[in-house]
Amino acid sequence: SVSRAIKPFAEPGRPPDWFSQKHCASQYSELLETTETPKRKRGEKGEVVETVEDVIVRKLTAERVEELKKMIKETQEKYRQLKKDAELIQAGHMDNRLEELCNEIMMWV
């Protein structure tokens, strides 16, 4: 059920069997093996103890946040460059490169 639920969020280029139950189970097992088990503390009853799953979620969340921050930064840099290019084009400073720029744009589309 998890494999079907996360399939819409797939990154492009993943093989067709990436979301199979077997593959998901093997990746989860690998995560469990590579994650340090949190040390249990003696304390009051009812105290919340961090589980291995909690550690995995925290780790993967932090990794994803860093990936998203990097993507945002790259997108912002690309936007600034495109805005700068647009201003130069409007000012007439890039008339000699217009055909080259059009070809670049056509490659993106």
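Computed from a prediction, not measured in an experiment: that's the story for all the values here. (Residues numbered from 1 in each chain as written. Predicted model: local features only at pLDDT ≥ 70, side-chain atom pairs only at ≥ 80, totals over all residues. Heavy atoms only, no water.)

Description of the overall build of the chain
Counting its secondary structure elements, the chain contains 4 helices and 0 strands. Of the regular secondary structure in the chain, the N- to C-terminal order runs α-α-α-α. The buried share among the 109 residues of the chain stands at 9%. For the chain, the accessible surface area stands at approximately 10200 Å², while carbon and sulfur atoms represent 56% of it. (Helix = DSSP H or I, 4+ residues; strand = E, 2+ residues; numbered from the N terminus. Buried < 20%, exposed > 50% of the residue type's maximum accessible area, 1.4 Å probe, protein only. Areas by Shrake-Rupley, 256 points an atom, 1.4 Å probe, with all protein chains shown as cover.)

Brief notes about a nonpolar patch on the surface
A contiguous nonpolar surface patch, about 610 Å² in accessible area, is contributed by Leu 82, Ile 105, Met 107, Trp 108 and Val 109. Among the elements that make up the nonpolar patch, the one with the highest residue count is helix α4 (residues 98-108) (3 residues). As for its position among the elements, Ile 105 is in helix α4. Assessed through its relative accessible area of 44%, Ile 105 is described here as partly exposed. (Patch = residues over 30% accessible without salt bridge, like charges linked within 9 Å, V, L, I, M, F, W, Y side chains within 5 Å. Salt bridge = Lys/Arg side-chain N within 4 Å of Asp/Glu carboxyl O.)

Notes on the UniProt feature "coiled-coil region" (unreviewed entry) in the chain
Per the UniProt entry, the sites bearing "coiled-coil region" (unreviewed entry) are residues 58-92 in this numbering. Taken end to end, residues 58-92 is 97% helix and 0% strand, and its first and last C-alpha atoms sit 51 Å apart. (UniProt positions renumbered as here; feature names shortened; annotations may be inferred.)

Quick notes on the layout of surface pockets
A water-sized probe, rolled over the atoms, reveals where empty space remains. What the largest pocket holds in volume is close to 890 Å³. Residue lining of the largest pocket: 22 residues in total, with Ile 6, Trp 18, Phe 19, Gln 27 and Leu 60 positioned closest to the centre. Among the elements of the structure, α1 (2-6), α2 (21-34) and α3 (52-91) are those that each provide at least two residues to the lining of the largest pocket. When we break the lining of the largest pocket down by domain, the ones giving at least three residues each are domain 1 (1-34) and domain 2 (60-108). Each pocket or cavity is described by its volume, and for the second largest pocket that value is around 210 Å³. Surrounding the second largest pocket, Gln 81, Leu 82, Asp 85, Ala 86, Ile 89, Arg 97, Leu 98, Leu 101, Cys 102, Glu 104, Ile 105 and Trp 108 form its lining. Where the lining of the second largest pocket is concerned, the elements lending two or more residues are α3 and α4. It is α4 that provides the largest number of residues to the lining of the second largest pocket, a total of 6 residues. In terms of residue class, the lining of the second largest pocket is made up of 8 nonpolar, 1 polar and 3 charged. (1 Å grid on protein atoms, 1.4 Å probe; cavity = no way out; pocket = protein on both sides within 12 Å on 5 of 7 lines; lining within 4 Å. Points joined across faces, edges and corners; volume = space filled by probe spheres on them. Domains from an automatic or database assignment. Nonpolar A, V, L, I, M, F, W, Y, C, P; charged D, E, K, R; others polar.)

A short note on the packing of aromatic side chains
Considering all chains together, one arrives at 0 aromatic pairs under this definition. Above the face of the Trp 18 ring, Arg 14 is positioned so that its terminal group lies 4.1 Å from the ring centre. (Phe/Tyr/Trp six-rings, centres within 6.5 Å; stacked < 30°, edge-to-face > 60°. Lys NZ or Arg CZ within 6 Å of the ring centre and 35° of its normal.)

What to know about the pattern of salt bridges
Counted under the stated rule, the structure contains 3 salt bridges. One salt bridge in this structure joins Glu 67 and Arg 64, with 2.8 Å as the shortest N-O distance. Pair noted here: Glu 67 and Arg 64 are both in helix α3, with a separation of 3 residues, about one helical turn. Given the relative accessible area of 37%, Glu 67 is considered partly exposed. A salt bridge links Arg 97 to Glu 100; the shortest N-O distance between them is 3.3 Å.

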